[in-house]
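Residue-level listing of the chains:
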Amino acid sequence: MTTEGCHLCDHAIMLLQAVLRPGDAEVDLVDIAFDDQLLEHYATRIPVLRAPVSGKELGWPFGESELRLYLEDVGAD
């Protein structure tokens, strides 16, 4: 979950690019600004990663080690 102009989201994207290898996972950026429910739920929490199958989330702040553990946990790594 992200939105335009979110510098923390930009940092999270850079972390994803550093950690993920081609084929590890598919990443869809969802801008919460276009959905009232998402905006209400995530407005003060972004960036948030959400696994589509399990619904498990990883909210900011996180670093490379937390990201790797999360990806392993959701089966993306």
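Coordinates for the structure precede this section.
Each value, and the rule that gives it
- Residues numbered from 1 in each chain as written.
- Predicted model: local features only at pLDDT ≥ 70, side-chain atom pairs only at ≥ 80, totals over all residues.
- Heavy atoms only, no water.
- Helix = DSSP H or I, 4+ residues; strand = E, 2+ residues; numbered from the N terminus.
- Polar contact = N/O pair within 3.5 Å; in protein donor to acceptor, adjacent residues only side chain to side chain.
- Core = buried A, V, L, I, M, F, W, Y, C linked by side-chain atoms within 4.5 Å.
- Buried < 20%, exposed > 50% of the residue type's maximum accessible area, 1.4 Å probe, protein only.
- Contact = heavy atoms within 4.5 Å.

Topic: the side chain of D24
Within the fold, D24 resides in the loop between α1 (7–19) and α2 (36–42). For D24, the side chain forms a polar contact with the main-chain nitrogen of R21, separated by 2.7 Å.

Remarks on the nonpolar core
In terms of nonpolar packing, the biggest core is built from 13 residues, with L16, L49, L58, F62, L67, Y70 and L71 touching the most fellow members. Listing elements by their share of this core, those giving two or more residues are α1 and α3 (64–73). Among the elements that make up this core, the one with the highest residue count is α1 (four residues). The residues touching F62, leaving out its near neighbours within four places in the chain, are A12, L15, P47, L49 and L67. Formed by seven residues, the second largest nonpolar core is a distinct cluster that contains C9, I32, Y42 and I46.

Any functional reading would require information beyond the geometric quantities listed.
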